[in-house]
Structures are given as C-alpha cells and as structure tokens.
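Summary of the model geometry
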Amino acid sequence: MPVVTVNSSLDKSLVPDMFCYVAEDQEHTGSLAGETAAQKALEKFGVQGEIKLVGIGGFPGDVLSDLRFNGFMAGWNRVMDKHPGVTTVKLDTKYGEWKPDKALAPIRDVATANPDLKVIYSMSDVMHGGIVQGLQQAGLWGDGIIMASYDGGMGAIKEMVDDPKGPLQADASNQPWDQGAAAVRMALAAYNGDQAQCPDKTNYIETTVITPAEAPEYYVPTDTYVRAKN
C-alpha cells in the first residue's frame, strides 16, 4: 500500500519506501520572512547602525524552530550582507512552547532587558497574541518595532489589513490548504503507480510571504490560512 505523508514525515523504519512526503520547505519559507524583514528594517531604520533582533520558537532543539530560524537568518543575512553599515545583534532565541501564554513572559523579559530591540521573528502565528502582550507590557509595541512571523494565519493577515503601518510587516505562509491539495494529487499518482509525479519522494509546495501591501489580496475571512492565488 503506497503511503503519502503530509506536513510531518515518518521515520524510514516505519515506512521504508514512502511514495511521497508533501510539505513546505520550512527553511526556504523562513528565509522569505527574513529577506522581507531585512528590507523593512532598512526602510525604517536606515543603512547605518545597530539592529537588535530576537527570534521566538517552540522548544530548544526542536526541528521546526531550527529550520524556521536558520532560514530566517539566511534570508536576513542575504540582504544585510549588501549593507555593511548595519550591524545585526542577534539575541539568544527564546521559546514559547508554540503557545501564546507561554510566549508572553520570554518576550516581555527580553524586551525589558533590551529597550533598543528592533526586530522580532515569531516562528508561529499561534504565539502572536502573547508576543504582542509581552511587548506591550515592556512598552515596546508600536512604531519602533518590526515583527515577522510564520504560518500565514488569517488572523495575522487581517492585522496587516487593518493596520498596514503596524509592527507586523511580514508573514511567511505554510499553506496547509495547498499541502492538502498536493497530497491528493500525490495519492492519485500513487494509485496509478506514477512515481514521476514525486521522483525524489519529497514534494515541497511553493510558498510565499505576505506583507501589508499584499494582505488585502490574500485575506479571505472564511479561510484559516493563506492559500496560493492560482
């Protein structure tokens, strides 16, 4: 029986010959957020000086946090390498257990200790409410902050629609609807024995990053996450 996995793969000891693994490339998708956040930072803070940055993920050492943050920094550095007048100070990554209430205190503490913090990268929209509250309690939520996030949750897209000049300026989407559609196509290919549809046994969907400029185009109140426009 051919097996297609979606979003999370299985160990080869369980399925030694899986037909296809469908997901987003999390490192690449994180890099989209990093590139956009860097461009927004240059526009806001200029091409000289220091920019303090902090990321908040799920748990220390978990694969999702590592992929999403390493990707973000790769994208950020690709942009900032062209601007040697900017010094990036990367603070130690914080962890919020993928929960808003658990994200509040770590962000509040790092923001309180670093009142010159300028960029926050959340590795999941799920933590957004707690991050906002933490920054508010530290007196930093507002014009002096740029925030990037990951997931493409419709609540975050609506925030950019409602407040295009607010802190949230980039949200990289993992597009679960598109992952589901791709998985159905791969299941049909498996049924037909057409391995050419997934020759490397991994099918990464194409993802995007949403900014306030694109948010009205992608905002669909009845959806929970961004989906591809095609």
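Preceding block: the structure.
Presented here is a report on the structure given in the accompanying data block. Within every chain, residues take consecutive numbers counted from 1 along the sequence as written. Local features in a predicted model are, by the rule used here, given only for residues with pLDDT of at least 70; side-chain atom pairs are given and counted only at 80 or more, and totals for whole chains, interfaces and linings are based on all residues. Computation of side-chain values covers all heavy atoms of the structure but excludes hydrogens and water.

1. Focus on the overall build of the protein chain
Across its full length, the protein chain carries seven helices and 10 strands. The C-alpha radius of gyration computed for the protein chain amounts to 19 Å, which stays within 12% of the reference 17 Å derived for 230 residues, consistent with globular compactness. Its C-alpha atoms put the protein chain at 60 × 35 × 35 Å along the principal axes. Here the protein chain holds 230 residues, and 47% of them are scored as buried. Each helix is a run of DSSP H or I of at least 4 residues and each strand a run of E of at least 2, with the numbering of both proceeding from the N terminus. To get the radius of gyration, use the C-alpha atoms; to get the globule rule, take the number of residues to the power 0.38 and multiply by 2.2 Å. Buried residues are those whose accessible area, probed at 1.4 Å on protein chains only, stays under 20% of the maximum for their type, while exposed residues exceed 50% and partly exposed ones sit between those limits.

2. Remarks on the sheet that holds strand 1 (residues 4-6)
Two strands qualify as a pair provided DSSP detects at least 2 bridges between them. The sheet built from three strands is open, its strands ordered 1-2-9 with parallel pairing. The strands lining the two open edges of the sheet, one partner per strand, are strand 1 and strand 9 (202-205). Each neighbouring strand pair of the sheet contributes to a mean axis angle of 20°, computed without reference to strand direction. Axis definition: a line fitted to C-alpha atoms, limited for helices to the stretch in contact. Angles are taken between N-to-C directions and run from 0 to 180 degrees.

3. A closer look at the packing of helix 3 (residues 100-113) against helix 4 (residues 128-137)
The geometry of helix 3 relative to helix 4 is characterised by a closest axis approach of 7 Å and an angle of 30° between their N-to-C directions. Here helix 3 is positioned roughly parallel relative to helix 4, judged by the angle of their axes. Helix 4 is crossed by helix 3, and the crossing has right-handed handedness. Residue-level contacts link Pro100, Ala103, Leu104, Ile107, Arg108 and Ala111 of helix 3 to Gly130, Ile131, Gln133, Gly134, Leu135 and Gln137 of helix 4. Here the residues of the contact of helix 3 with helix 4 sort into seven nonpolar, four polar and one charged. Any angle from 65 to 115 degrees is called roughly perpendicular, while one under 35 is roughly parallel, one over 145 is roughly antiparallel, and all others are oblique. Here is the rule for handedness: rotate from the far helix to the near one, and if that takes an anticlockwise turn smaller than a right angle the crossing is left-handed, while a clockwise turn gives right-handed. Any pair of residues with heavy atoms lying within 4.5 Å of one another is described as a contacting pair. Classes in brief: Ala, Val, Leu, Ile, Met, Phe, Trp, Tyr, Cys and Pro nonpolar; Asp, Glu, Lys and Arg charged; the others, Gly included, polar.

4. Some points on the pairing of strand 7 (residues 146-151)
Residues in a regular strand point their side chains to alternate faces of the sheet. Counting buried positions over the six residues of strand 7 gives six, a clear majority of the element. The alternating pattern of strand 7 places Ile146, Ala148 and Tyr150 on one face and Met147, Ser149 and Asp151 on the opposite face, and all of these are buried. For strand 6 (residues 117-122) and strand 7, the ladder comprises three bridges, and the chain directions are parallel. Each residue of the ladder has a partner; that of Tyr121, found in strand 7, is Ala148. With helix 4 bridging strand 6 and the parallel strand 7, this β-α-β connection has right-handed handedness. Bridge analysis of strand 7 against strand 8 (residues 168-173) gives five bridges, and the strand direction is parallel. Across the sheet, residue Asp151 finds its bridge partner in strand 8, namely Ser173. Traced from strand 7 through helix 5 (residues 154-162) to strand 8, the parallel crossover comes out right-handed. Handedness of a crossover: with both strands directed away from the viewer, a clockwise path from the first strand across the helix to the second marks it as right-handed.

5. Section: the packing of aromatic side chains
Here a ring pair, both rings aromatic, is described through the centre-centre distance and the interplanar angle of the planes. Aromatic contacts are taken between Phe, Tyr and Trp rings whose centres are within 6.5 Å, Trp giving its six-membered ring; a plane angle under 30 degrees counts as stacked, one over 60 as edge-to-face, and the others as tilted. Within the structure shown, the criterion is met by four aromatic pairs. Consider the rings of Phe69 and Phe72, whose centres lie 6.5 Å apart with planes at 15°: the pair is stacked. Of this pair, Phe69 and Phe72 both sit in helix 2 (residues 63-80), three residues apart, roughly one helical turn. Looking at Phe69, the relative accessible area reads 8%, which means it is buried. Of the residues examined, Phe72 reaches a relative accessible area of 0% and is grouped as buried. Relative to Tyr121, the ring of Phe69 has its centre 6.5 Å away and its plane inclined at 25°; by these criteria the two rings are stacked. Placement of Phe69 in helix 2 and of Tyr121 in strand 6 is noted, with a sequence separation of 52 residues between them. The exposure classification of Phe69 matches that of Tyr121, with both residues buried. By the ring-pair criterion, three or more aromatic residues cluster together here, those being Phe69, Phe72, Trp76 and Tyr121. The criterion is that NZ of a Lys, or CZ of an Arg, lies within 6 Å of the ring centre and within 35 degrees of the ring normal, and then a charge sits over that ring. The residue whose ring lies beneath Lys118 is Phe45, and the NZ or CZ to ring-centre distance is 5.7 Å.

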